[in-house]
Amino acid sequence: QVQLVESGGGLVQPGGSLGLSCAASAPVGSIYVMGWYRQAPGKQRELVASIPNGRSTNYADSVKGRFTCSRDNAKNTVYLQMNSLKPEDTAVYYCYAAGVLWGLEENYWGPGTQVTVSS
């Protein structure tokens, strides 16, 4: 019933920038956190950034100062602006949301979008 639709991703050169967007088809007010995770080949999925309701953004140490995550609670959207990209940023990026729907707490994941940083 809740779907996350991602846009963005692609191939970018080192030092370049890329923006990702995600929109959740969920009732307004049902989502209490949105953010982004990523998973590189051979590695576990890791948090990139997340924004809980009423709190400041959490960032992975590896992206602090380079990535900016913003959220529009009223529209259930989250955006990730990635600057100064490095080859190690190459991964599949997944939009994430958690909320309460029909009395149940659930986690929601987008299908993932590939970000490749290479010259």
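Preceding this section is the structure that the text describes.
Residues numbered from 1 in each chain as written. Predicted model: local features only at pLDDT ≥ 70, side-chain atom pairs only at ≥ 80, totals over all residues. Heavy atoms only, no water.

Please give an account of the side chain of S50 that cites residues and values.
Along the polypeptide, S50 turns up in strand 5 (residues 46-52). Apart from residues no more than four positions distant in its own chain, S50 is found in contact with V33, M34, G35, S56, T57 and N58. (Helix = DSSP H or I, 4+ residues; strand = E, 2+ residues; numbered from the N terminus. Contact = heavy atoms within 4.5 Å.)

Please set out the packing of aromatic side chains residue by residue, giving values where relevant.
All chains considered together, the criterion is met by 3 aromatic pairs. Judged by centre distance (4.8 Å) and plane angle (50°), the ring pair of Y96 and W109 falls under tilted. Of the two residues, Y96 sits in strand 9 (residues 91-101) while W109 sits in strand 10 (residues 104-109), which places them 13 residues apart along the sequence. What makes Y96 buried here is its relative accessible area of 12%. Ring-pair connections join several aromatic residues into one group, and the members of that group are Y37, Y96 and W109. Over the ring of Y94 we find R45, and its NZ or CZ is 3.8 Å from the ring centre. R45 extends its terminal NZ or CZ atom over the ring of W109, reaching a point 4.6 Å from the ring centre. (Phe/Tyr/Trp six-rings, centres within 6.5 Å; stacked < 30°, edge-to-face > 60°. Buried < 20%, exposed > 50% of the residue type's maximum accessible area, 1.4 Å probe, protein only. Lys NZ or Arg CZ within 6 Å of the ring centre and 35° of its normal.)

I'd like a rundown of the pattern of salt bridges, residues and numbers included.
When the charged atoms of two side chains lie near each other, side chains of opposite charge can form a pair. Across all of its chains, the model carries 4 salt bridges by this definition. Where R38 meets E46, a salt bridge forms, and the shortest distance between an N and an O atom there is 2.8 Å. According to the relative accessible area criterion, R38 is buried, its value standing at 5%. For E46, a relative accessible area of 36% corresponds to the partly exposed category. The closest approach of N and O atoms between K64 and D61, which form a salt bridge, is 3.0 Å. (Salt bridge = Lys/Arg side-chain N within 4 Å of Asp/Glu carboxyl O.)

Explain the nonpolar core residue by residue, including any values.
Where a protein is soluble and globular, its nonpolar side chains tend to be buried together. Ranked by size, the top nonpolar core spans 30 residues in total, and within it M34, W36, V48, F67, L80, M82 and Y93 carry the most contacts. Those elements giving two or more residues to this core turn out to be strand 3 (18-24), strand 4 (31-39), strand 5, strand 7 (67-72), strand 8 (77-82), strand 9 and strand 11 (113-117). Per element, the largest residue contribution to this core is 5 residues, and it comes from strand 9. When near neighbours in sequence (up to four residues on either side) are disregarded, L80 contacts L18, G19, L20, W36, V48, F67, T68, C69 and Y93. (Core = buried A, V, L, I, M, F, W, Y, C linked by side-chain atoms within 4.5 Å.)

Any chance you could break down the pairing of strand 8 for me, citing the residues and the numbers?
It is a general feature of regular strands that their side chains alternate between the two faces of the sheet. Residues V78, L80 and M82 of strand 8 are buried on one face, while the alternating residues T77, Y79 and Q81, pointing to the opposite face, are not. Across 6 bridges, strand 3 lies against strand 8 in antiparallel orientation. Within strand 8, the residue paired with C22 across the bridge is V78. Note: strand 7 against strand 8, 6 bridges, orientation antiparallel. Along strand 8, the bridge assignment pairs F67 with M82. The loop that links strand 7 with its antiparallel partner strand 8 comprises 4 residues; one of these, N76, has a positive phi angle of about 55°. (Pairing = 2+ DSSP bridges.)

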